[in-house]
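Residue strings, one per chain:
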Amino acid sequence: PPLCPRPVPPPAERPPPHAPPRPFPGRTGADSRGCRELRIGTRRRHPSAGSHTVVLLLEGGYDVVVVDNLNNASPRVEGRILELVGEEAGKRLDVRVMDLLDEPRLAALCAEKKFDSCIHFAGYKAVGESVEKPLAYYRNNIVSTLNVVECLQAHGCKSIIFSGSCTVYGNPKDVPIHEGSDLEAINPYGRTKLYQEEMFRDLCVSDDAWEVSLLRYFNPVAAHPSGRLGEDPKGIPNNLMPYVQQVAVGRRAELSVFGNDYPTPDGTGVRDYIHVMDLAEGHAAAVDKILAAGGKLGCVAYNLGTGNGTSVLEIVKAFSAACGKEIPYKFAPRRPGDATAVYATPSFAEQELGWKATRTLEDMCRDQWNWASNNPYGYEGKPEEN
Ligand code: UD1
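Please read these numbers as outputs of a predicted model, since none were measured by experiment.

### What about the overall build of the protein chain?
Scanning the protein chain from N- to C-terminus turns up 11 helices and 13 strands. Buried residues in the protein chain amount to 56% of all 386 residues. Taking contacts inside the protein chain between residues at least 6 apart in sequence as the whole, the part at least 24 apart equals 84%. On the protein chain, roughly 15,900 Å² of surface is accessible, and the fraction owed to carbon and sulfur atoms is 53%.

Written out as structure tokens, the structure is:
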């Protein structure tokens, strides 16, 4: 496939991938257990949000336990994380291949580790698939979350950061969306996300020692600036950015733009795209907050978005500029269930977490392309090379 002409430095010469490690309040003082993170490897909200967050947590001094069933993740990710964080920090990473539906094994892990907190990234996330296989969605998303919560609680941890979604706002009546906007689920996937949120709210009412941060992601895109971590969806991508990326590297002929008759400036759908590094920093900020709250946080939802609405055609244009070639596209009918415009008011997260997305659309497209051009077939390489 045609690749970007940009020269790629060999690993040893790569610049430090991102900001220097941040101090985490949860790691100062006498407590040396650190934060352990749990996730499952099946179609997550953004299949690389977990790995990017793990890098930040390791750099921040945490001990991190990753739980992944490798259903939709490559075993090679662990090696890339170790490469980025270095040998010393890498010693604090413990990866367990395990399914969160396997409650006895999960309970044994919680008993062994005595977690301080948990970031729960896991879950199926394809809307169309959820309509076809609702029971698989309810079982995987809801039962796994129940298992996580019950196992944590049984072993003394009442603190969780949950990968929520802006899907809980359904088809928003007004934008930008704030955390108090009406909640509505419009497909089985969205219902699993909303029901999980409701479960956490009920839990916190029943027991005020529980602390839950619901992170409502908008549209995560891009990749680690090193080009070593990124999204690697299996099969035909459902989401816009991975599809555009596959067109750019020549794996797909053209993009179908779903609808050009929306009441938006250029007629195409508008979303709040957020760089996965900003998203990872949002998780780190949520970890700081929850560990510093001392049992007083309760259940709080935060929008993790940029506050900027970007249309499909604006994405195509920005990505073309980043990769230096035109992205062929055609207009196609609207995709059923798509909203016109969905973007956040992120001010609550800024106020409460001291976190703000800082990366621009250009940054997102540059890092997405850097990942795509270095890994045109994801982590596994071109099929016949394996
Ligand atoms: C979708 C889900 C959302 C889920 C999220 C996961 C739907 C209706 N919503 O969000 O619930 O949380 O993925 O990341 O599926 N587009 C094209 N061509 C494509 C793909 C997308 O034009 O090939 C357009 C869409 O119509 C939309 C925009 O690009 O306007 C973004 O689409 P996508 O990346 O799939 O995200 P969402 O639909 O916002």
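Anyway, onward from the coordinates.
### Re the sheet that holds strand 4 (residues 159-165)
Read across the open sheet, the 4 strands follow the order 3-4-5-10; overall the sheet is parallel. In this open sheet, the two strands that pair with only one neighbour each are strand 3 (118-120) and strand 10 (299-304). Each neighbouring strand pair of the sheet contributes to a mean axis angle of 20°, computed without reference to strand direction. In the sheet, strand 5 (residues 211-217) pairs with strand 10 via 6 bridges, with the strands oriented parallel. Note on strand 10: the bridge partner recorded for Ser213 is Val300. Strands in contact with helix 6 (residues 188-206) are strand 4, strand 5 and strand 10; relative to strand 4, the strand with the most contacts, it is inclined by about 150°.

### Some remarks on helix 5 (residues 134-154)
Taking 1.5 Å of rise per residue, the 21 residues of helix 5 would be expected to cover 30 Å, and the 29 Å separating its terminal C-alpha atoms lies within 8% of that figure. Here helix 5 has its buried residues at Tyr137, Asn140, Asn141, Ile142, Ser144, Thr145, Asn147, Val148, Val149, Cys151 and Leu152. Just downstream of helix 5, Gly156 is the residue with a positive phi angle, here 85°.

### Quick look at the nonpolar core
Counting residues in hydrophobic clusters, the biggest one holds 38 residues, and the most contacted among them are Leu58, Val64, Ile81, Leu304 and Trp355. Listed by contribution, the elements that provide at least two residues to this core are helix 1 (49-59), strand 1 (64-68), helix 2 (76-90), strand 5, helix 8 (276-292), strand 10 and helix 10 (347-353). Ranked by the residues each element gives to this core, the list is headed by helix 8, at 6 residues. In contact with Trp355, other than residues within four places in its own chain, are Ile274, Asp278, Glu281, Gly282, Ala285, Asn303, Leu304, Gly305, Ala349 and Glu350.

Cut-off values and rules
- In every chain, residue numbers begin from 1 and rise along the written sequence.
- Confidence filtering applies because this is a predicted model: local features only for residues at pLDDT of at least 70, side-chain atom pairs given and counted only at 80 or more, and all residues used for totals across whole chains, interfaces and linings.
- Excluding hydrogens and water, the side-chain figures rest on all heavy atoms present in the structure.
- In DSSP terms, a helix is any run of H or I states spanning at least four residues, a strand is any run of E spanning at least two, and both are numbered starting from the N terminus.
- A 1.4 Å probe rolled over the protein chains alone gives each residue an accessible area, and that area as a share of the maximum for its type sets the label: buried under 20%, exposed over 50%, partly exposed in between.
- Only heavy atoms matter for contacts: two residues are in contact if any of them lie within 4.5 Å across the pair.
- To measure how exposed things are, a 1.4 Å probe is used in the Shrake-Rupley method; for residues, cover is taken only from the protein chains shown.
- Two strands qualify as a pair provided DSSP detects at least 2 bridges between them.
- Throughout, an axis means a line fitted to C-alpha atoms (over the contacting stretch in the case of helices), and angles, computed between N-to-C directions, take values from 0 to 180 degrees.
- Expected span of a helix, by definition, is 1.5 Å for each gap between consecutive residues, and there is one gap fewer than residues.
- In this text, buried Ala, Val, Leu, Ile, Met, Phe, Trp, Tyr and Cys residues form a nonpolar core when linked through side-chain atoms within 4.5 Å.

By themselves, these figures tell us nothing about what the structure is for.
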